[in-house]
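One-letter residues, chain by chain:
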Amino acid sequence: MKKKQVHHSGSQILRQKAEEKLQKLIPKVSFSGSDADILKRNHELEVYQIELEIQNEELIQATEQAKSNAEKYIELYNNAPAGYLTLSEEGKILELNFYSAKLLGKERLKLINNMFSFFVSRDSKTVFNEFLRNIFANRSHESCEVKLYSGESKLTSHVYLTGHIIEFDKHCHITMVNITERMQAEEELRNRMVELTNAYNQLQKYIFDNEELRQFTYISSHQLQQPLRTIKNFIGILEEDYRALFDDKAIRYLDTIKESTSRMNSLILALSQYSRLGLKKKLQTVDCNALLNNVIADLDSMIKSSGTSIEVTSMPVLNAYEDEIRQVFQNLIENAVKFQRNNNKPKIQIRSENFENRWQFSVSDNGIGIHPDHFDKIFDIFQRLHKNEDQYLGSGIGLAFCKKIIEMHQGKIWVESNKNEDVTFYFTSGKSNNMKKSLRCIMLVDDDPNDNYYHTREIKKANPSIEVIEKQTGLEALEYLETNKENMELIPDLIALDINMPVMDGWQFLKEYSIMEKEFQDSVVIIMLSTSGDPDDIEKAMKYSCVSDFITKPLTREKVTNIAEKYFS
């Protein structure tokens, strides 16, 4: 009988193992004739038997391994930190793990063959039924949020369900995630919104008394900001941890809360800014040409959409409060665009003239006009001439801002208009001094070497030609200035001064620095640096006439560029 050749490598290995094992059991003997042929066949049978034994051993091992793997899978399935269920098309529970049983509040075995909908709250049943129906009808992945009643205790939990059907399977597999904490966070957000609304309503009671307004807006910047920060923090948590689980409705709710919080924050900040206008501000050189260009650029969308044309004559350079003057121009331009007749394209003219060493500005428009009886009233806070808020949006605080800002500059603001024709707002302000020389050297005074390294890197990124001098304490900085004050080439143009330092902190430095010659002080710009940006620190710093500004860390290249443009030529 001719032996069939075996090509499969696994069969060859198995044959080799069997031969080796048989050789150990029966020594090889040589025969001849018919006996040899019989023995050869017996040998083949014995080899085949040994092959079967080897295959049986391997099968036993594979079975044990499969059993072990199955036990591990079952262990993982049963003890997973999320719920896993298998439901029939009718919604009957066919299989579930321990976490699912925990959420449903019953023993696992007692839940088998129960209807899952039995545990779904009445107000969630429609959502769940639609979810299950879509899975089987479309054989697609579906998701929904439902509220569950857990067992006899009737405790409520909120869960997020995702379901799908494996190919050729008749049942759907459900993943169930407990989102009760998220729902509690949303409830906390709603409560905070109520608190904030109540606080805002209280604010309205005090807005007509200036002293009470100052006190209350100070409180608003602290106590009202606390629930606002809580809302923002919880929104951040929801977006970071759960947004992927949200349906469109939940995302819309979240975005509405964000928008409302932002509007409330804007109003609180506006009131706070109004009460603090002029407090501890520093006059600086302001190029009104550049300032107006920036304002018009910021309002580009409004200007283009309304078809507004703006004509600006040459503007002066003022010694003024830059942010506040910017706000005056922005408010007046926005009003000129806003208060227009239907289908009328706004035309705005902005002019400046020098009268007796003072600058007079005018902003004219072709709008709806203002009755003379209202010329004084429009500058009062929260006074609106137009009750139709849908037609003319606004809070009634813009012109009140303008009046207070112009008075800060020892100027006046007034309006001239015909009843139903164009309006011209006038205001006056003083002239300015020249800016300081170019920024060539900055002294960093900070005990944190990491901050100094980062700040130096950012300064060089902003302008590689700027020299940087690093000092670790206020005392080191003061000694350097005292040593080199006779040689102004070695004196920095800008000192970036940290507040908290050993040996001599920023406050002690300012006390000693204030004693130095005024001519020397006038040549150096001092910027205070702080990690916290505490309003009390800002107020304290701006009491020193030598301090120009207060900036929160880090000192970025953008901030360096802004400082250079703001204080240096």
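All of these numbers come straight from a predicted model, not from anything done at the bench. (Residues numbered from 1 in each chain as written. Predicted model: local features only at pLDDT ≥ 70, side-chain atom pairs only at ≥ 80, totals over all residues. Heavy atoms only, no water.)

### Points about the nonpolar core
Grouped burial of nonpolar side chains is what soluble globular proteins tend to show. Counting 37 residues, the largest nonpolar core has Phe329, Leu332, Ile350, Phe361, Val415, Phe425 and Phe427 as the members making the most contacts within it. Where this core is concerned, the elements lending two or more residues are helix 9 (288–298), strand 8 (317–320), helix 11 (322–338), strand 9 (347–355), strand 10 (358–365), helix 12 (398–408), strand 11 (413–417) and strand 12 (423–430). Tallying contributions element by element places helix 11 first for this core, with seven residues. Those residues in contact with Ile350 that lie beyond four places of it in its chain are Leu292, Ile310, Glu311, Val312, Thr313, Met315, Phe329, Ile333, Ser362 and Val363. Core analysis: the next-biggest nonpolar cluster, separate from the first, contains 29 residues, Leu497, Met516, Phe520 and Val547 among them. (Core = buried A, V, L, I, M, F, W, Y, C linked by side-chain atoms within 4.5 Å. Buried < 20%, exposed > 50% of the residue type's maximum accessible area, 1.4 Å probe, protein only. Helix = DSSP H or I, 4+ residues; strand = E, 2+ residues; numbered from the N terminus. Contact = heavy atoms within 4.5 Å.)

### Quick word on helix 9
All buried positions along helix 9 are accounted for by Cys288, Leu291, Leu292 and Val295. End-on, the buried residues of helix 9 take up no more than an arc of 95°, which puts them together on one face. For helix 9, the exposed residues lying more than 90 degrees away from the buried face are Asn293 and Ala297. In this structure, the buried side of helix 9 is in contact with strand 6 (284–287), strand 7 (309–312), strand 8, helix 11, strand 9 and strand 10. Sitting at the amino-terminal end of helix 9 is Asp287, which places a side-chain oxygen 3.0 Å from the backbone nitrogen of Asn289. (Arc of directions from axis to C-beta. Polar contact = N/O pair within 3.5 Å; in protein donor to acceptor, adjacent residues only side chain to side chain.)

### Some words on the packing of aromatic side chains
If you walk through the whole model with that rule in mind, you get eight aromatic pairs. Where Phe509 meets Tyr513, the ring centres are 5.6 Å apart and the plane angle is 20°; that geometry is what we call stacked. Highlighted residues: Phe509 and Tyr513, both in helix 15 (residues 506–513), separated by four residues, approximately one helical turn. For the residue pair Phe509 and Tyr513, the accessibility class agrees, reading buried in each case. Grouping aromatic residues by their ring pairs yields a cluster made of Phe116, Phe128 and Phe131. Arg108 extends its terminal NZ or CZ atom over the ring of Phe98, reaching a point 4.8 Å from the ring centre. (Phe/Tyr/Trp six-rings, centres within 6.5 Å; stacked < 30°, edge-to-face > 60°. Lys NZ or Arg CZ within 6 Å of the ring centre and 35° of its normal.)

### Structural notes on the sheet that holds strand 13 (residues 441–445)
What the five strands build is an open sheet, ordered 14-13-15-16-17; its pairing is parallel. Looking at the sheet topology across the chains shown, the edges are occupied by strand 14 (467–471) and strand 17 (547–552). Taking each pair of neighbouring strands and ignoring which way they run, the sheet shows an average axis angle of 20°. Alignment of strand 13 against strand 15 (residues 494–498), held across four bridges, turns out to be parallel. Each residue of the ladder has a partner; that of Val445, found in strand 15, is Leu497. The strands touched by helix 18 (residues 557–567) are strand 15, strand 16 (525–530) and strand 17; relative to strand 17, the strand with the most contacts, the crossing angle is about 165°. (Pairing = 2+ DSSP bridges. Axes fitted to C-alpha atoms, helices over the stretch in contact; angles between N-to-C directions.)

### Details of the side chain of Thr308
Looking at the secondary structure, you find Thr308 in the loop between helix 10 (300–306) and strand 7. The buried category is assigned to Thr308, whose relative accessible area is 11%. Those residues in contact with Thr308, other than ones at most four positions away along the chain, are Ile303, Val337, Pro346 and Ile348.

### Some thoughts on the packing of helix 14 (residues 474–484) against helix 15
At a closest axis distance of 9 Å, the pairing of helix 14 and helix 15 adopts a crossing angle of 25°. For the element pair helix 14 / helix 15, the angle class is roughly parallel. Judged by the sense of rotation from one axis to the other, the crossing of helix 14 with helix 15 is right-handed. Where helix 14 approaches helix 15, its residues Gly474, Ala477, Leu478 and Leu481 are matched on the opposing element by Phe509, Glu512 and Tyr513. Split by residue class, the contact of helix 14 with helix 15 holds five nonpolar, one polar and one charged. (Parallel < 35°, antiparallel > 145°, perpendicular 65-115°, else oblique. Left-handed = near helix turned anticlockwise from the far one by under 90°. Nonpolar A, V, L, I, M, F, W, Y, C, P; charged D, E, K, R; others polar.)

### Quick notes on the packing of helix 13 (residues 449–462) against helix 18
Two numbers describe how helix 13 lies on helix 18: the axes approach to 8 Å, and their chain directions differ by 60°. Considered as vectors, helix 13 and helix 18 are oriented oblique to each other. Between helix 13 and helix 18 the crossing geometry is right-handed. The segment helix 13 lies against helix 18, with Arg457, Glu458, Ile459, Lys461 and Ala462 engaging Arg557, Val560 and Thr561.

### Notes on the pattern of salt bridges
Under the counting rule described, the total for this entry stands at 16 salt bridges. Between Asp498 and Lys553 there is a salt bridge, with the nearest N and O atoms lying 3.3 Å from each other. Of this pair, Asp498 sits in strand 15 while Lys553 sits in the loop between strand 17 and helix 18, and the two are 55 residues apart along the sequence. The exposure class assigned to Asp498 is buried, which follows from its relative accessible area of 6%. One connected set of salt bridges, linked through shared partners, spans Asp446, Asp451, Asp498 and Lys553. (Salt bridge = Lys/Arg side-chain N within 4 Å of Asp/Glu carboxyl O.)

### Re the confidence of the model for the protein chain
In the predicted model, the protein chain carries a mean pLDDT of 79, and the fraction of residues at 70 or more is 78%. For the protein chain, the element scoring lowest by mean pLDDT is helix 1 (residues 9–25), at 66; strand 13 scores highest, at 94. Confidence drops under pLDDT 50 across residues 386–394; counting only partners more than four residues distant or on other chains, this segment forms 13 contacts. (pLDDT = per-residue confidence, 0-100.)

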